[in-house]
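# Observations on the three-dimensional arrangement
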Amino acid sequence: MNLKEKYGEWGIILGATEGVGKATAEKIAQGGMNVVLVGRREEKLHELGKEISEKYNVEHLVIKADFSEENAADEIFEKTKDLDMGFMSYVACLHRFGKLQDTEWEWHQKMLNVNINTFLKCFYHYMGIFTKQKRGAVVNYSSLTGVTSSPYNAQYGACKAYIAKLTEAVAYESRGCVDVMAATLGSTITPSWLQNQPGGEEGKKAIAAAMTPEAVADEIFENLGKVRSLVVGERNRKNVHHWHCDLTADEAAEYMGKFYE
Ligand SMILES: NC(=O)c1ccc[n+]([C@@H]2O[C@H](COP(=O)([O-])OP(=O)(O)OC[C@H]3O[C@@H](n4cnc5c(N)ncnc54)[C@H](OP(=O)(O)O)[C@@H]3O)[C@@H](O)[C@H]2O)c1
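Everything in this summary refers to the structure shown in the same document.

Rules used in this analysis
- Residues numbered from 1 in each chain as written.
- Predicted model: local features only at pLDDT ≥ 70, side-chain atom pairs only at ≥ 80, totals over all residues.
- Helix = DSSP H or I, 4+ residues; strand = E, 2+ residues; numbered from the N terminus.
- Buried ≥ 20, exposed ≤ 12 C-beta atoms within 10 Å, placed from the backbone.
- Contact = placed C-beta atoms within 7 Å.
- Pairing = 2+ DSSP bridges.
- Right-handed = clockwise from strand over helix to strand, strands pointing away.
- Near = placed C-beta within 6 Å.
- Nonpolar A, V, L, I, M, F, W, Y, C, P; charged D, E, K, R; others polar.
- Axes fitted to C-alpha atoms, helices over the stretch in contact; angles between N-to-C directions.
- Parallel < 35°, antiparallel > 145°, perpendicular 65-115°, else oblique.
- Core = buried A, V, L, I, M, F, W, Y, C linked by C-beta atoms within 7 Å.

### Structural notes on the overall build of the protein
Scanning the protein for helices and strands turns up 12 helices and seven strands. Projected onto its principal axes, the C-alpha positions of the protein cover 50 × 35 × 35 Å. The buried share of the protein, reckoned over its 261 residues, is 45%. Contacts in the protein between residues at least 24 apart in sequence constitute 69% of all its contacts with a sequence separation of at least 6.

This is the structure:
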């Protein structure tokens, strides 16, 4: 698909360094768009930008930002204000395992900044631009933990539900003008996901059942503009269907709680 013709010259990936963000950046570059790569590890982002520019013959811009900081988005808006923007994806996330009250308040504040405040600021900003120009696309990433609720990772799950519901509603509001999608992921083999997996047979089983970031991105871009809320992967769709149809909210929370215990 020629994404550049459809959406515009530049796309921004907010959390691009590796995993799903990297796969999303590659996908829009493949579609002819220049990429703005945002994250904390500047050197890695420059390496990725160079790789993408060489492979897909597009331009890239790296912006170093930490979304847990209050005004992280302002510099991003300033640095992209003269670009013809046509795509945005909010990928970065922050979680902290533990009971709500056992997690330091500072972490809650950081999670709110990464998962809600900076997300909302960026979504609001680029939706304003895309709506005015009557073209553009957005993909925001949610999680199955936002479907079930997420004991021992409660704040993260609740934030992911917020991202999904806000994006679904805005996607409806902007249908026919801007292609907006809430993409809900299950286990996906990214460096940060691998860090949280057990070793041995259990870890091997988890990896075998998980998706690759590239397969996730392929499915999303096949459906962008057609589906506003997508649970990515057949296995994940079956699970969501089962939770919605067969389990009470208590049972769904118990399922996820036992998983994290
Ligand atoms: N992986 C899974 O199994 C899974 C499952 C369900 C949902 N999801 C969702 O899918 C999305 C991508 O998952 P992922 O595993 O690829 O995520 P990730 O690796 O944790 O984050 C993606 C990128 O965001 C950047 N980032 C993280 N925190 C940041 C911050 N404070 N400021 C700026 N950039 C930041 C990181 O680069 P830097 O370190 O360079 O900043 C990283 O490359 C997330 O929204 C997640 O909730 C993932």
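### Observations concerning the pairing of strand E2 (residues 34-39)
Within E2, six of the six residues are buried, which leaves the element mostly enclosed by the surrounding structure. Side chains Asn34, Val36 and Val38 of E2 all project onto a buried face; the interleaved residues Val35, Leu37 and Gly39 project onto the opposite face, where all are buried too. With five bridges joining them, strand E1 (residues 10-14) and E2 adopt parallel strand pairing. Note that in E2 the partner of Ile13 across the bridge is Leu37. You can see the chain leave E1, run along helix H2 (residues 19-30) and come back into E2, and the turn it takes is right-handed. For E2 and strand E3 (residues 60-64), the ladder comprises five bridges, and the chain directions are parallel. Residue pairing across strands places Val35 opposite His60, the latter belonging to E3. In terms of handedness, the path from E2 via helix H3 (residues 42-56) over to E3 forms a crossover that is right-handed.

### Observations regarding the site of the ligand
Lining the immediate surroundings of the ligand are 29 residues, of which Gly15, Thr17, Gly19, Gly39 and Arg40 lie closest. Of all the secondary structure elements, the ones that give two or more residues to the shell around the ligand are H2, strand E5 (137-143) and helix H8 (191-195). No other element matches the three residues that H2 contributes to the shell around the ligand. Along the lines of polarity and charge, the residues of the shell around the ligand split into 11 nonpolar, 12 polar and six charged.

### Regarding unusual backbone geometry
Phi is positive for Lys134, close to 55°, though the residue is something other than glycine. Counting through the fold element by element, Lys134 comes out in the loop between helix H5 (105-133) and E5. Notably, Tyr152 is not glycine yet its phi reads approximately 70°, a positive angle. Positionally, Tyr152 belongs in the loop between helix H6 (145-148) and helix H7 (154-173). The partly exposed category is assigned to Tyr152, around which 18 C-beta atoms lie within 10 Å.

### Describing the packing of H5 against H7
Contact geometry of H5 with H7 gives a least axis separation of 10 Å together with a crossing angle of 10°. It follows that H5 is roughly parallel to H7 by the angle criterion. Residues His108, Met111, Asn115, Ile116, Phe119 and Met127 of H5 form the contact with H7, whose participating residues are Gln155, Tyr156, Cys159, Tyr162, Ile163 and Val170. By residue class, the composition of the contact of H5 with H7 is nine nonpolar, three polar and no charged.

### Thoughts on the environment of Gly8
Mapping Gly8 onto the fold places it in the loop between helix H1 (3-7) and E1. In this structure Gly8 comes out as buried when scored by C-beta crowding, with 21 C-beta atoms within 10 Å. Sequence separation between Gly8 and Gly86 is 78 residues, and the spatial gap between their C-alpha atoms is 4.4 Å. With residues up to four places along the chain from it excluded, the contact list for Gly8 reads Asp84, Met85, Gly86, Arg135 and Gly136.

### Topic: the nonpolar core
One finds Val35, Leu37 and Ile220 to be the most contacted residues of the largest nonpolar core, which totals 68 residues. Counting residues per element, this core draws most heavily on H5, at eight residues. With near-sequence residues (within four places) excluded, Ile220 lies in contact with Val139, Met181, Ala183, Leu230 and Val232.

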